[in-house]
2 protein chains.
Amino acid sequence: MHEPDAEAGPKPDADRGRAACSGDHVRACTVREVLDRVGGKWSIGIIIEASRGPIRFTELERSVEGISRRMLTLTLRNLERDGLLVRTTYPTVPPRVEYVATEMARELYDSLLVLTGWAERHRQAIAAAREAYDRRSAGTD
Amino acid sequence: MHEPDAEAGPKPDADRGRAACSGDHVRACTVREVLDRVGGKWSIGIIIEASRGPIRFTELERSVEGISRRMLTLTLRNLERDGLLVRTTYPTVPPRVEYVATEMARELYDSLLVLTGWAERHRQAIAAAREAYDRRSAGTD
DNA sequence: CGGTATCCCACCGGATACTG
DNA sequence: CAGTATCCGGTGGGATACCG
């Protein structure tokens, strides 16, 4: 998800996160690594769809509801770059391109299910906390 | 954020085992809920610090390296609003304010550790994928 | 000490039009 | 069909100054 110029430097930030992180912050940084990868608005949805088998561009466009052509392309490229998706083109007319999640991506998705569990367990509590906080703030005005 | 279950599309082609499973859309949505909460640049770092016991504003400012006063305040407010942090003020002079992670936040952190594991296991593979992708792109220019 | 208030910009993501 | 190219707005987040 970069504007054309932004990615200019072909500098693979392979060991990113080591130098800047020390001690307990290593974990925070590691989590951020993942978040930077799948934190985008559409990444998860695409990974889920592509985890079920090869899927075409327009199929994704339909099944990931609300996504624009641009963001679909951008997100696909990033996921492919990170090795989470494999892109296969068939030189037919009209062209046919399929995307499929890698094993690594499926593992990631499984890991994310743990977060889903957390969210489901605490959804009510969070909603309640928000309501309480907002009510207090309203009174403090 | 939740689109109401408009997932409903009756899928005529059951050819590829891509049967309509409305749960996927819900899962993607649930993951996004969490991401919206802790996807910010500083949330995780703050939660980690506050998980180890009550910590003061300026202590956080020092231990979460690189954070600005503004972002510290904003992130603290959001985390408090979601019930992930408890804020306690002591009416002393000078004022003393302490933040501490709730049990819910610690559970969240534990869940995030699963992601840390994933990131550590695949860090090399991702770096390699990026390098390969960037090299290919350079050639395709 | 523990914040607000402002200004500012990078950049994510939406809409639309064009193309091989 | 599977993308690019462009334009544009909203906002996350940095820097700085001020306040109770």
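Residues numbered from 1 in each chain as written. Chains lettered and ligands numbered in written order. Predicted model: local features only at pLDDT ≥ 70, side-chain atom pairs only at ≥ 80, totals over all residues. Heavy atoms only, no water.

Novice: I keep staring at the overall build of chain A and nothing clicks. Help me out?
Specialist: When helices and strands are tallied, chain A shows five helices and three strands. The N-to-C order of helical and strand elements in chain A reads α-α-β-α-α-β-β-α. Among the 141 residues that make up chain A, the fraction classed as buried is 41%. (Helix = DSSP H or I, 4+ residues; strand = E, 2+ residues; numbered from the N terminus. Buried < 20%, exposed > 50% of the residue type's maximum accessible area, 1.4 Å probe, protein only.)

Novice: Help me understand the UniProt feature "domain: HTH hxlR-type" (unreviewed entry) in chain A in this model?
Specialist: As recorded in UniProt, the feature "domain: HTH hxlR-type" (unreviewed entry) lies at residues 29-127 of chain A. Between the first and last C-alpha atoms of residues 29-127 of chain A the distance is 28 Å; the span itself is 65% helix and 14% strand. (UniProt positions renumbered as here; feature names shortened; annotations may be inferred.)

Novice: Explain the pairing of strand β3 (residues 96-101) of chain B here, please?
Specialist: Side-chain direction in a regular strand flips from residue to residue, so the side chains alternate between the two faces of the sheet. All names here are of chain B. One ladder, built from two bridges, connects strand β1 (residues 55-56) with β3; its direction is antiparallel. Counterpart to Arg56 in the pairing with β3 is Glu98. Alignment of strand β2 (residues 85-90) against β3, held across six bridges, turns out to be antiparallel. The residue of β3 that forms the bridge with Arg87 is Tyr99. (Pairing = 2+ DSSP bridges.)

Novice: What's the story with the environment of Val97(B) in this structure? I'm lost.
Specialist: All names here are of chain B. In this fold, Val97 is placed in strand β3. In this structure the C-alpha to C-alpha distance between Val97 and Met71, which are 26 residues apart in sequence, comes to 17 Å. Contact partners of Val97, with chain neighbours within four places excluded, come to Ile55, Arg56, Phe57, Arg87, Thr88 and Thr89. (Contact = heavy atoms within 4.5 Å.)

Novice: Would you explain the relation of the copies chain B and chain A in this entry?
Specialist: Both copies of the chain are related through a single rotation about an axis accompanied by a shift along the same axis. Superposing chain B onto chain A takes a rotation of 180° combined with a translation of 0.0 Å along the rotation axis, leaving an RMSD of 0.2 Å. In symmetry terms, the pair is related by a two-fold rotation axis. Distance from the rotation axis, computed per C-alpha, reaches its smallest value in chain B at Gly39(B): 3.2 Å. (Least-squares fit on C-alpha atoms with pLDDT ≥ 70 in both.)

Novice: What's the story with the sheet that holds β2(B) in this structure? I'm lost.
Specialist: Strand-to-strand pairing in sheets goes through backbone hydrogen bonds, with the strands running parallel or antiparallel. Residue and element names in this part refer to chain B. As summarised here, the arrangement of the three strands in space is β1-β3-β2, forming an open sheet in which the pairing is antiparallel. Strand pairing shows two members of the sheet lacking a second neighbour, β1 and β2, which therefore form its edges. Here helix α2 (residues 43-51) sits on the sheet in contact with β1, β2 and β3, set at roughly 100° to β3. Strands in contact with helix α4 (residues 69-81) are β2 and β3; relative to β2, the strand with the most contacts, it is inclined by about 115°. (Axes fitted to C-alpha atoms, helices over the stretch in contact; angles between N-to-C directions.)

Novice: What is the right way to read the packing of α2(B) against α4(B) from this model?
Specialist: Helix-helix packing is characterised by the crossing angle of the two axes and by the distance between the axes. Residue and element names in this part refer to chain B. Taken N-terminus to C-terminus, the directions of α2 and α4 make an angle of 70°; their axes are 10 Å apart at the nearest point. On the basis of the axis angle, α2 is roughly perpendicular to α4. Contact with α2, carried on its side by Ser43, Ile46 and Ile47, involves Leu72, Thr75, Leu76 and Leu79 of α4 and no other residues of that element. When the residues that make up the contact of α2 with α4 are grouped by side-chain class, the tally is five nonpolar, two polar and no charged. (Parallel < 35°, antiparallel > 145°, perpendicular 65-115°, else oblique. Nonpolar A, V, L, I, M, F, W, Y, C, P; charged D, E, K, R; others polar.)

Novice: Hey, could you run me through the protein's contact with DNA strand D in this one?
Specialist: For DNA strand D, the set of nearby residues contains 20 residues, the closest of which are Thr58(A), Arg69(A), Arg87(A), Tyr99(A) and Arg70(B). Backbone sugar and phosphate groups make up 60% of those atoms of DNA strand D lying within 4 Å of the protein. Note that a phosphate oxygen of DNA strand D is positioned 2.9 Å from one of the side-chain N or O atoms of Arg77(A). Listing elements by their share of the surface near DNA strand D, those giving two or more residues are α3 (57-63), α4 (69-81) and β3 (96-101) of chain A together with α4 of chain B. (Near = heavy atom within 4 Å. Polar contact = N/O pair within 3.5 Å; in protein donor to acceptor, adjacent residues only side chain to side chain.)

Novice: Hey, could you run me through the nonpolar core in this one?
Specialist: For soluble globular proteins, the rule of thumb is that nonpolar side chains tend to be buried together. Counting residues in hydrophobic clusters, the biggest one holds 65 residues, and the most contacted among them are Ile46(A), Leu108(A), Ile46(B) and Leu108(B). With residues up to four places along the chain from it excluded, the contact list for Leu108(B) reads Leu115(A), Trp118(A), Val34(B), Val38(B), Ile47(B) and Leu84(B). (Core = buried A, V, L, I, M, F, W, Y, C linked by side-chain atoms within 4.5 Å.)

Novice: Is there a simple way to think about the side chain of Ser111(A) in this case?
Specialist: Here Ser111(A) lies in helix α5 (residues 103-140). The contact partners of Ser111(A), leaving out residues within four places of it in the chain, are Val114(B), Leu115(B) and Trp118(B).

Novice: Is there a simple way to explain the interface of chain B and chain A in this structure?
Specialist: You'll often see interface size given as the accessible area lost when the parts meet. With 58 residues of chain B at the contact, the number on the chain A side is 60 residues. A combined buried area of about 5,600 Å² lies between chain B and chain A, and 58% of that area is made up of carbon and sulfur atoms. In this structure, the connection of chain B to chain A is made through nine salt bridges. One salt bridge connects Glu33(B) with Arg123(A), and the closest N-O pair in it is separated by 3.0 Å. Where chain B touches chain A, the interface holds 24 residue pairs in polar contact (both at pLDDT 80 or more). (Buried area = accessible area lost by both parts, 1.4 Å probe. Salt bridge = Lys/Arg side-chain N within 4 Å of Asp/Glu carboxyl O.)

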